[in-house]
Amino acid sequence: MSDRQTLDYYSEEAATYAEFVGDAKDDPNLTRFIDAMPRGARVLDFGCGHGWASAQMQSAGLAVTAIDGSPGLAAEAKARYRLDVKVMLFSDFAEEAAYDGIWASFSLLHDSRAALPGHLARLRRAARANALLFLGLKAGEGEVRDHLGRMYSYFSEAELRGHLTTTGWGEITCETQRLPGLAGKEEDSLLIFARAI
């Protein structure tokens with residue numbers, strides 16, 4: 001993410017956010033993602049937050065690289081799970097053909113709508129052939145800032161499929177679920193799996 005107000009919120013309220021999300025040990029999407037990885041796979045947690053998913057992937061034997069733009073969340077991941085998180089903006093990430101799987105769970109929604117295709121292309125460059133991508137975003141239109149000061153971008157399934165296809169992702173599946181958020185309301189979320197082609 002690159003929105004300064006959003007980054008500041010997560011750094012200042014990292015512990016509150018971590019308590020709200022918790023360990024999420026029953027997340028079926030993470031289970032599916034881990035089960036699909038080859039033994040010893042290298043995976044990227046792109047916008048890892050307080051590190052709950054990275055910790056579970058690491059426990060499953062995967063080699064995890066975790067990045068986040070918030071120093072506060074990186075510190076929380078270190079304190080909770082002993083994770084070493086690379087603090088960087090999404091736009092500064094530039095690896096090539098390095099990962100068998102990429103987990104981007106509700107992180108890219110904190111950047112602008114216009115930035116999404118570039119991020120997806122960046123992740124495709126970082127992916128090995130046939131790498132699995134998980135992408136969580138919110139369904140809807142436009143961009144808003146919630147009462148906590150966080151920026152959100154919304155997308156339709158059709159838009160996302162188009163962006164994924166044009167940036168080198170295929171075998172796209174999408175499920176819509178209504179999920180609660182930290183701001184106190186439930187919203188429709190798009191849960192997407194795709195393969196690097």
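As a reminder, the structure under discussion sits directly above these lines.
Here's a quick rundown of the structure. No experiment lies behind these values; they were computed from the predicted model shown. Residue positions are counted from 1 within each chain, in the order its sequence is given. Reporting of local features is limited, given that this is a predicted model, to residues whose pLDDT is at least 70; pairs of side-chain atoms are given and counted only at 80 or more, and all residues count toward the totals for whole chains, interfaces and linings. In computing side-chain values, all of the structure's heavy atoms are included and hydrogens and water are not.

## Description of the overall build of the protein chain
Working step 1: Across its full length, the protein chain holds seven helices and nine strands.
Working step 2: What the globule rule says is 2.2 Å times the number of residues to the power 0.38, and the radius of gyration is computed from C-alpha atoms. Computed over its C-alpha atoms, the radius of gyration of the protein chain comes to 15 Å, within 12% of the 16 Å expected for a compact globule of 197 residues.
Working step 3: Split into buried and exposed, the 197 residues of the protein chain put 53% on the buried side.
Working step 4: It only takes one pair of heavy atoms within 4.5 Å for two residues to be counted as in contact. The long-range fraction of contacts in the protein chain, counting pairs at least 24 apart against all pairs at least 6 apart in sequence, stands at 67%.
Working step 5: Surface summary for the protein chain: the accessible area is close to 8,800 Å², and the carbon and sulfur share equals 48%.
Working step 6: In summary, the charge assignment counts Lys and Arg as positive and Asp and Glu as negative, without counting His or the chain termini. A single reference atom marks each charge: NZ on Lys, CZ on Arg, CG on Asp, CD on Glu. Here the protein chain contributes 21 positive and 28 negative side-chain charges, whose respective centroids are spaced 5 Å apart. Working definition: helices are DSSP H or I runs of at least four residues, strands are E runs of at least two. Numbering for both runs from the N terminus. Here the term buried applies to any residue with accessible area under 20% of the maximum for its type, exposed to any over 50%, and partly exposed to those in between, with areas from a 1.4 Å probe on protein chains only. All accessibility values rest on the Shrake-Rupley procedure with a 1.4 Å probe; residue burial counts only the protein chains present in the view.

## Things to note about the side chain of Asp146
Working step 1: Structurally, Asp146 is set in the loop between β6 (143-145) and β7 (151-155).
Working step 2: In protein, a polar contact requires one atom able to donate a hydrogen and another able to accept it; more generally it is a pair of N or O atoms within 3.5 Å, and residues adjacent in sequence count only if both atoms are side-chain atoms. Side-chain polar atoms of Asp146 contact the backbone nitrogen of Leu148, separated by 2.9 Å.

## Overview of unusual backbone geometry
Working step 1: Residue Arg82 is not a glycine yet carries a positive backbone phi of 60°.
Working step 2: With respect to the helices and strands, Arg82 occurs in the loop between α5 (71-81) and β3 (86-87).
Working step 3: Exposure remark for Arg82: the relative accessible area of 74% places this residue in the exposed category.

## So, the packing of aromatic side chains
When we look at a pair of aromatic rings, we describe it by the centre distance and by the angle of the planes.
Working step 1: In this analysis, rings of Phe, Tyr and Trp, with Trp reduced to its six-membered ring, are considered paired at centre separations within 6.5 Å, and the interplanar angle assigns stacked below 30 degrees, edge-to-face beyond 60, and tilted for intermediate values. Counted by the stated rule, this structure contains eight aromatic pairs.
Working step 2: Centroid distance Phe134 to Phe193: 5.1 Å. Interplanar angle 55°. Geometry classified as tilted. Of this pair, Phe134 sits in strand β5 (residues 127-139) while Phe193 sits in strand β9 (residues 186-196), and the two are 59 residues apart along the sequence.
Working step 3: Judged by its relative accessible area of 1%, Phe134 falls in the buried class.
Working step 4: Residue classification places Phe193 among the buried positions, given a relative accessible area of 3%.

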